[in-house]
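Coordinate analysis (summary)
Now for the letters of each chain:
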Amino acid sequence: MGVAAESDGTQGTVWECPDLFPLGSKHCLLVSPLGRAPRRVLYFLGELDYGTGRFKAETAGELDRGPDFYAPQTFAGADRPILLAWMQSWKGEIPTTEHNWAGALTLPRELALDSAGRLVVRPLAELEKLRSSAIFRGTLALTDGAPPFDLSQGGLEVILRADPAGTGASEYGILFRTAHGRERFTVGISQGRGEVYLDITGIPSSRGGVYSLQLPAKNGRVELRFFLDRSSLELFAAGAPCSITARLYPSSPLLVPELFACGGALQAAVELWSLKAGTG
């Protein structure tokens, strides 16, 4: 019928892997742009005119703020849009290449609209079936230690819920270091900047860098959920329209979590779940 949508000049020169689908009362368009730095997947919410074939975008944003998320596609046949993306990047050295691996796919994700019609991305609820056992469930002061975890035995799911209201904590989260202590990465929350971040500068074999997303306003309460595998981390913030996805390759599978809070005391509800190892 014609051109459904096109770049305004700031959204890349080529739109790869376009995906246009109904989402709640709107339509959603996902594109993977070339000719744009950084190269991040864009989403558009708006209206599709079935008479003319034109899509009119009303809001737009980045679907993922990490270095290793590209070419997402949604799949029909379920009661909601389920999305998978390529979890790799062309840039930088990829340690798995020597073992004849060419990337990986993300965990399945669900796209939805919140009560205000804004996009929300979250891990599929069925992923709870991957949980093998609870390593820890309870309240910790954010300076307490947490049990070490061996990624060679499977994956790890972490849930952190905190309400920093009434405390002086300006930054808090979980730092993971390898057993020998030379490599580390951090999932943290900056109250001043109003964002959650992933810092992987301490893992030399990763793409490096600090990646962040804005936290949605939820009465000051923060809920993070992330999945850590042998070479990947996928981070979600409750109510956020984007995620942070990164490949990282720590030299040791034994990781020691350390909780931290800067500028004041803070307690958080923490859950650590071991995930079943792959079978094939």
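Note that this is a predicted model, so its numbers are computed, not measured.

**Section: the overall build of the protein chain**
Summing up its helical and strand segments, the protein chain has zero helices and 20 strands in all. At 19 Å, the protein chain has a C-alpha radius of gyration in line with the 19 Å of a compact globule built from 280 residues. When its C-alpha atoms are laid out on the principal axes, the protein chain stretches across 60 × 50 × 35 Å. Across the 280 residues that make up the protein chain, the buried fraction comes to 49%. Of the contacts formed within the protein chain by residues at least 6 apart in sequence, a portion of 58% connects residues at least 24 apart. When the accessible area of the protein chain is evaluated, it comes to approximately 13300 Å², of which 52% is carbon and sulfur surface.

**With respect to the sheet that holds strand E6 (residues 82-86)**
Taking strand neighbours across the sheet as the criterion, the four strands line up as E5-E6-E7-E8 in an open arrangement whose pairing is antiparallel. Because the sheet does not close on itself, it has two edges, and the strands there are strand E5 (70-75) and strand E8 (119-123). Going from strand to strand, the sheet's axes swing by 35 degrees on average, the running direction of each strand aside. Here E6 pairs with strand E7 (residues 109-113) via two bridges, running antiparallel.

**Quick look at the side chain of Thr106**
Checked against the element boundaries, Thr106 lands in the loop between E6 and E7. Residue classification places Thr106 among the buried positions, given a relative accessible area of 5%. Excluding residues that lie within four positions of it along the chain, Thr106 makes contacts with Phe69, Leu84, Ala85, Met87, Glu234 and Thr245.

**Re the packing of aromatic side chains**
In total, this model carries four aromatic pairs according to the counting rule given. Ring centres of Trp15 and Phe44 lie 5.6 Å apart, and the angle between their planes is 40 degrees; this geometry places the pair in the tilted category. Here Trp15 is found in strand E1 (residues 14-23), whereas its partner Phe44 is found in strand E3 (residues 42-49), with 29 residues between them in sequence. The two residues Trp15 and Phe44 agree in class, both being buried. Residues Phe227 and Phe236 carry aromatic rings whose centres are separated by 6.4 Å and whose planes lie at 85 degrees to one another, so their mutual orientation is edge-to-face. Across this residue pair, the class does not change: Phe227 and Phe236 are buried. Members of the aromatic cluster, connected to one another through ring pairs, are Phe176, Phe185 and Phe226. Across from the ring centre of Trp273, 4.6 Å away, lies the NZ or CZ of Arg131, which sits over that ring.

**Quick look at the confidence of the model for the protein chain**
Put simply, the protein chain has an average pLDDT of 89, and 95% of its residues get 70 or more. Mean pLDDT values over the elements of the protein chain span from 86, in strand E9 (residues 131-141), up to 97, in E3.

**Some points on the side chain of Glu62**
Tracing the backbone shows Glu62 in strand E4 (residues 54-62). Polar side-chain contacts of Glu62 include one of 3.3 Å to the side chain of Arg36. Beyond its immediate stretch of four places on either side in the chain, Glu62 contacts Arg36, Arg40, Val41, Leu42, Tyr43, Pro241 and Cys242.

**As for the sheet that holds strand E20 (residues 267-275)**
Across the sheet, six strands lie side by side as E9-E20-E11-E16-E17-E18; this open sheet has antiparallel pairing. Looking at which strands have only one partner, the edges of the open sheet turn out to be E9 and strand E18 (244-247). Taking each pair of neighbouring strands and ignoring which way they run, the sheet shows an average axis angle of 15 degrees. As judged from the seven bridges shared by strand E11 (residues 155-162) and strand E16 (residues 222-228), these two strands associate in the antiparallel manner. Bridge pairing links Ile159 to Arg225 in E16.

What counts and how
Residues numbered from 1 in each chain as written. Predicted model: local features only at pLDDT ≥ 70, side-chain atom pairs only at ≥ 80, totals over all residues. Heavy atoms only, no water. Helix = DSSP H or I, 4+ residues; strand = E, 2+ residues; numbered from the N terminus. Rg over C-alpha atoms; globule rule 2.2 N^0.38 Å. Buried < 20%, exposed > 50% of the residue type's maximum accessible area, 1.4 Å probe, protein only. Contact = heavy atoms within 4.5 Å. Areas by Shrake-Rupley, 256 points an atom, 1.4 Å probe, with all protein chains shown as cover. Pairing = 2+ DSSP bridges. Axes fitted to C-alpha atoms, helices over the stretch in contact; angles between N-to-C directions. Phe/Tyr/Trp six-rings, centres within 6.5 Å; stacked < 30°, edge-to-face > 60°. Lys NZ or Arg CZ within 6 Å of the ring centre and 35° of its normal. pLDDT = per-residue confidence, 0-100. Polar contact = N/O pair within 3.5 Å; in protein donor to acceptor, adjacent residues only side chain to side chain.

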